[in-house]
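# Working through the structure, step by step
This is what each chain is made of:
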Amino acid sequence: MPDLDCPGGWLLTLDGTPQSYVDLRDPTRLEFEYTQRLGHLTDALAPEGAPLDALHLGGGALTLPRYLAATRPGSRQRVVEADGPLVELVAEVLPWAGRGITVTVGDARAALGGLPPGSVDLLVADVFQGSRTPAHLTSVEFVGLAAALLRPDGCYAANLADGAPLEFARAQAATVRAVFPETCLVAEPSVLRGRRYGNLLLIGSRRPLPVAALARRLAGDPFPARLVAGEELAELAAGAQPVTDAAARPSPPPPAGAFSIG
């Protein structure tokens, strides 16, 4: 749907749930709060303007790939999206040609096996079936496959959603911590306190993450998010076990109306 208040703005919804927002005139405009936080992460990962090789699992309307193409020209980006008709729709209405972005249709996890190890600087997992993360993308085996594609200083980031009592988020934190020695979690304080259902970003790397720079950027947002790392993240994940393929379950469904636009 076109944004009648902003020429060039488009909102993509799937089954009534807002999925992506794109401003064709200004791809650096990130409307959704979780995409703003992912944008902050990409800004902090490397010197300003330096290109990144990125793999995006889940594409939607390609909000983050367009942002990276604008802020880091020359970046090589691959997007894997399971919904073929959606890719066709976005290509027709919101074309991305000439931006260094390659889009393929397929299963996110299956695609990992066909890519060379140590070939990407950033891997973003942002895959939802409806409003839930599929089970096969929540396990330690999946995160291990993703980690194998990263360069030594590469970064993994997963967009997830959960609400009280945060059992899914805690288990996912334990899962990412089992693979990466450096981890952090980003979410609004109200989500971390279990007061509402919302998005969380789990970030991992083999090298120290730019937590100070990222925290500064997060603090400047209209709806500031908290960054949880170190002992605080270990405390949040305490008692939770890494999720295996055998025990994996989809993320919990949102409460009625949590993401709807009416």
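Scroll up to find the structure.
About the criteria used
Residues take numbers from 1 onward in each chain, read along the sequence in its written order. It should be noted that, the model being predicted, local features are given only for residues of pLDDT at least 70 and side-chain atom pairs only at 80 or more, the latter also being counted only at that level, while totals for whole chains, interfaces and linings use all residues. Only hydrogens and water are removed before side-chain values are computed, so all heavy atoms of the structure are retained for them. Note on conventions: DSSP H or I runs of at least 4 residues are helices, E runs of at least 2 residues are strands, and numbering of each starts at the N terminus. Whether a residue is buried, partly exposed or exposed follows from its accessible area with a 1.4 Å probe, protein chains only, as a fraction of its type maximum: under 20%, in between, or over 50%, in that order. We call two residues in contact whenever any of their non-hydrogen atoms come within 4.5 Å of each other. Throughout, the Shrake-Rupley method with a 1.4 Å probe supplies accessible areas, and for residues the shown protein chains are the sole cover considered. Charge convention: Lys and Arg are scored as positive, Asp and Glu as negative, and His as well as the terminal groups of each chain are ignored. Charged groups are reduced to one reference atom each: NZ for lysine, CZ for arginine, CG for aspartic acid, CD for glutamic acid. Should a side-chain nitrogen of Lys or Arg be within 4 Å of a carboxyl oxygen of Asp or Glu, the pair is scored as a salt bridge. Whether two strands pair comes down to DSSP finding at least two bridges between them.

Looking now at the overall build of the protein chain. When helices and strands are counted, the protein chain shows nine helices and 10 strands. Taken along the three principal axes of its C-alpha coordinates, the protein chain extends 50 × 40 × 35 Å. The 262 residues of the protein chain split such that 50% are buried. A separation threshold of at least 6 residues defines the contact pool for the protein chain, and within that pool the share at least 24 residues apart is 71%. Element-wise, carbon and sulfur atoms account for 54% of the exposed surface of the protein chain, whose accessible area totals about 11,800 Å². Between the averaged position of the 22 positive side-chain charges in the protein chain and that of its 28 negative side-chain charges there is a distance of 4 Å.

Side-chain pairs of opposite charge can arise whenever the charged atoms involved come near each other. Applying the stated criterion across every chain, the model contains nine salt bridges. A salt bridge links Arg-151 to Asp-53; the shortest N-O distance between them is 3.0 Å. You can see Arg-151 sitting in strand E7 (residues 150-162) and its partner Asp-53 sitting in strand E3 (residues 53-57), a full 98 residues away along the chain. Residue Arg-151 is classed as partly exposed on the basis of its relative accessible area of 24%. Its relative accessible area of 11% is what places Asp-53 among the buried residues.

For a regular strand, side chains alternate in direction, first toward one face of the sheet and then toward the other. In terms of burial, strand E2 (residues 17-23) is largely enclosed, as five of its seven residues are buried. Sheet topology places strand E1 (residues 9-14) next to E2; six bridges connect them, and they run antiparallel. Along E2, the bridge assignment pairs Thr-13 with Pro-18.

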